[in-house]
Amino acid sequence: MFIAPSLPRLNATAKASQQRSQPPLIEHPFGYVYRPIWHNRFWEVLSIIWGDRQTSKPHCHQVSFNLTRVQSGCILERKYRTSGGQLVVASERVLTAGQWTWTLPFQVHELIGLGDRSQTLHFYFPGRKSTVHHP
């Protein structure tokens, strides 16, 4: 049988001082804010907070595979294809808290906040090079 050792309880002041500080929120030129959580050449994690109708605009992540989880609120996701040199909406769906979506390498997609303060968590494999500026 395993018996856990008795450890002293930390008071609130000690807990706060031992917590790692979070990176600051960064405002993207399109208006949403994001927080880089982890980034290296193998993988990357970031959190985005969306205002109502704030959009990522259609984009791709080059060679990176992307997994996105809606943490709160609702997000509209559009995936695109090209036809005659133009982007055409290939699919569109509303994602709610707890749902996941993915984007393949070189696939063009767009995310749009529906309602105020929706939040998403993004995982990229491998990590993107463009995060030096903005996602």
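Everything below is about the structure printed above this text.
Residues numbered from 1 in each chain as written. Predicted model: local features only at pLDDT ≥ 70, side-chain atom pairs only at ≥ 80, totals over all residues. Heavy atoms only, no water.

(A) Main features of the pairing of strand S2 (residues 33-39). Note: strand S1 (residues 26-27) against S2, two bridges, orientation antiparallel. Bridge pairing in S2 places Glu 27 opposite Val 33. Counting the residues between successive antiparallel strands, the hairpin from S1 to S2 contains five residues, one of them, Gly 31, with a positive phi of roughly 110°. Pairing between S2 and strand S3 (residues 44-50): six bridges, direction antiparallel. From the neighbouring strand, Pro 36 faces S3, where its bridge partner is Leu 46. Linking S2 to S3, which pair antiparallel, is a turn of four residues. (Pairing = 2+ DSSP bridges. Helix = DSSP H or I, 4+ residues; strand = E, 2+ residues; numbered from the N terminus.)

(B) Focus on the environment of Ser 47. Looking at the element boundaries, Ser 47 is found in strand S3. In sequence terms Ser 47 and Gln 71 are 24 residues apart; their C-alpha atoms lie 9.2 Å from each other. Residues in contact with Ser 47, not counting those within four places in the same chain, are Val 33, Tyr 34, Arg 35, Ile 37, Gln 119, Thr 120 and Leu 121. (Contact = heavy atoms within 4.5 Å.)

(C) The arrangement of the nonpolar core in detail. Membership of the largest hydrophobic core is limited to ten residues, which are Tyr 32, Tyr 34, Leu 46, Ile 48, Trp 50, Val 70, Ile 75, Leu 95, Leu 111 and Tyr 124. Mapped onto this core, the elements with two or more residues apiece are S3, strand S4 (65-83) and strand S7 (108-125). The element that contributes the greatest number of residues to this core is S3, accounting for three residues. (Core = buried A, V, L, I, M, F, W, Y, C linked by side-chain atoms within 4.5 Å. Buried < 20%, exposed > 50% of the residue type's maximum accessible area, 1.4 Å probe, protein only.)

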